[in-house]
Amino acid sequence: MNDYEDDSTRRKVVVAEDEALIRMDIVEALNDSGYDVVGQAANGDEAVDLARELKPDVVVMDVKMPGKDGITAATEIAKENIAPVVMLTAFSQRSLAEKAADAGAMAYVVKPFVPEKLLPALEVAISRFDQINALKDEVTDMKARFEARKRVDRAKGLLMENMGLTESEAFRWIQKTSMDRRLTMQEVADAVIAQVEGDR
C-alpha cells in the first residue's frame, strides 16, 4: 500500500473464484494495486452472501463456479443493486460473457487475467454502476430504466466517437446538459442520437 493511501479511500472488493490459486493471484494483484479485498468466496452462494454483508465497491466473479454459477449470482447482486460485478471468463465462454452483461455485470475480463486488464475493468464497472444509479433517480420503472440506460449508452458511444471523449467524460456531458437544460438524461441522450444519426 502506498503511504498516501489510507484504508478509507481504498476501494473494497469481494473476489469469487472456485480455483484457489487463481483466487490468490487475483487477491494479491488487487491488494498490490491499492484495493482492499474484504471477502473471498469459492462459489456463487458465498459471493452473494458476502456482497450483501460487506457492501463492497465492486465484486470480481468467475462465470463458472460450483453450486450457484457466477451469472446467477451476478443477477442477484445486480437486482439488489448491491455493487457492480466484473465477470472473469475463459476465452471460449464469450457467449457466457454476453449473458453476464444481460445479468447486470458491468464488465468482463478474459482469463488468464493480467492486472493491466483487470484493474481498468474494475474502474469501468464502478463508473457504470454510478451512472446507472444516477439514472435510477430519474426513472423508477425497471423496464423504462433499462431502455433509458440503453439510450444513454448509445449516446455516450456517439459522443466518444464524434467528440473524442472518454466514457466517463461523455456521461458527465450528458449529466451536466440534463441539469443545465432541466431535461432527463434520456431526453438528452435521445437528442444526441437524433442529431448525430440525422447528420449521417
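What counts and how
- Residues numbered from 1 in each chain as written.
- Predicted model: local features only at pLDDT ≥ 70, side-chain atom pairs only at ≥ 80, totals over all residues.
- Heavy atoms only, no water.
- Helix = DSSP H or I, 4+ residues; strand = E, 2+ residues; numbered from the N terminus.
- Buried < 20%, exposed > 50% of the residue type's maximum accessible area, 1.4 Å probe, protein only.
- Contact = heavy atoms within 4.5 Å.
- 1 Å grid on protein atoms, 1.4 Å probe; cavity = no way out; pocket = protein on both sides within 12 Å on 5 of 7 lines; lining within 4 Å.
- Points joined across faces, edges and corners; volume = space filled by probe spheres on them.
- Salt bridge = Lys/Arg side-chain N within 4 Å of Asp/Glu carboxyl O.
- pLDDT = per-residue confidence, 0-100.
- Pairing = 2+ DSSP bridges.
- Axes fitted to C-alpha atoms, helices over the stretch in contact; angles between N-to-C directions.
- Expected span 1.5 Å × (residues − 1).
- Arc of directions from axis to C-beta.
- Core = buried A, V, L, I, M, F, W, Y, C linked by side-chain atoms within 4.5 Å.

A. Main features of the side chain of Glu-17. Mapped onto the secondary structure, Glu-17 falls in the loop between strand 1 (12-16) and helix 1 (20-32). Since its relative accessible area comes to 0%, Glu-17 is described here as buried. With residues up to four places along the chain from it excluded, the contact list for Glu-17 reads Ile-22, Arg-23, Ala-41, Ala-42, Asp-62, Met-65, Leu-88 and Lys-111.

B. Spatial organisation of the layout of surface pockets. Estimates place the volume of the second largest pocket at around 220 Å³. If you trace the second largest pocket, you find 13 residues lining it, with Trp-173, Val-188, Ala-191, Val-192 and Gln-195 closest to the centre. Secondary structure elements with two or more residues in the lining of the second largest pocket: helix 6 (142-163), helix 7 (167-181) and helix 8 (185-199). Per-element accounting of the lining of the second largest pocket gives the leading share, 7 residues, to helix 8.

C. Region of interest: unusual backbone geometry. In this structure, Lys-55 is a non-glycine residue whose phi angle is positive, near 45 degrees. For Lys-55, the position within the fold is in the loop between helix 2 (44-54) and strand 3 (58-62). Positioned with a positive phi, Asn-81 is a non-glycine residue whose angle comes to about 55 degrees. Following the sequence through the fold, Asn-81 ends up in the loop between helix 3 (70-79) and strand 4 (85-90).

D. Quick look at the pattern of salt bridges. Summed over the entire model, instances satisfying the criterion amount to 14 salt bridges. A salt bridge links Arg-52 to Asp-49; the shortest N-O distance between them is 3.8 Å. Of this pair, Arg-52 and Asp-49 both sit in helix 2, 3 residues apart, which is roughly one turn of that helix. Classification of Asp-49 as partly exposed rests on a relative accessible area of 47%. Within this structure, Asp-45, Asp-49, Arg-52, Lys-68, Glu-76 and Glu-80 form a network of salt bridges that share partners.

E. Seen up close, the confidence of the model for the protein. For the protein, the average pLDDT comes to 85, and 88% of its residues sit at 70 or higher. Throughout residues 1-5 the model reports pLDDT below 50, and contacts reaching past four residues in sequence, or to other chains, amount to 3 contacts.

F. Geometry of the sheet that holds strand 2 (residues 36-41). If you walk across this open sheet you meet the 5 strands as 2-1-3-4-5, and the pairing is parallel. Only two strands of the sheet have a single partner each, and these edge strands are strand 2 and strand 5 (107-111). Averaged over all pairs of adjacent strands, the angle between strand axes in this sheet comes to 20 degrees, irrespective of strand direction. Judged from the 4 bridges that link them, strand 3 and strand 4 form a sheet pairing that is parallel. Looking at the pairing, Asp-62 lines up with Leu-88 of strand 4. Strands strand 1, strand 2, strand 3, strand 4 and strand 5 of the sheet are contacted by helix 1, whose axis makes an angle of about 165 degrees with strand 2. Relative to strand 3, helix 3 is tilted by about 160 degrees, and along the sheet it contacts strand 3 and strand 4.

G. View of helix 7. Taking 1.5 Å as the rise per residue, helix 7 with 15 residues should run 21 Å; its terminal C-alpha atoms sit 21 Å apart, in good agreement. Taken as a whole, helix 7 has its buried residues at Glu-167, Ala-170, Phe-171, Ile-174, Thr-177 and Ser-178. Taken around the axis of helix 7, the buried residues stretch over an arc of 130 degrees, which confines them to a single face. Projecting away from the buried face of helix 7 at angles above 90 degrees are the exposed residues Arg-172, Lys-176, Met-179 and Asp-180. Arg-182 sits one or two positions beyond helix 7 and adopts a positive phi of about 55 degrees.

H. Region of the structure containing the nonpolar core. Ile-26, Leu-30, Val-86, Leu-118 and Leu-122 are the most contacted members of the largest nonpolar core, which totals 23 residues. The set of elements that each furnish at least two residues to this core consists of strand 1, helix 1, strand 3, strand 4, strand 5 and helix 5 (115-138). Broken down by element, this core gets its largest block of residues, 7 residues, from helix 5. Sequence-distant contacts of Leu-118, that is, excluding residues within four places in its chain, are made with Ile-26, Leu-30, Val-60, Val-86, Leu-88, Val-109 and Phe-113. By size, the runner-up hydrophobic cluster in this structure holds 20 residues, among which are Ile-71, Ala-74, Val-85 and Met-87.

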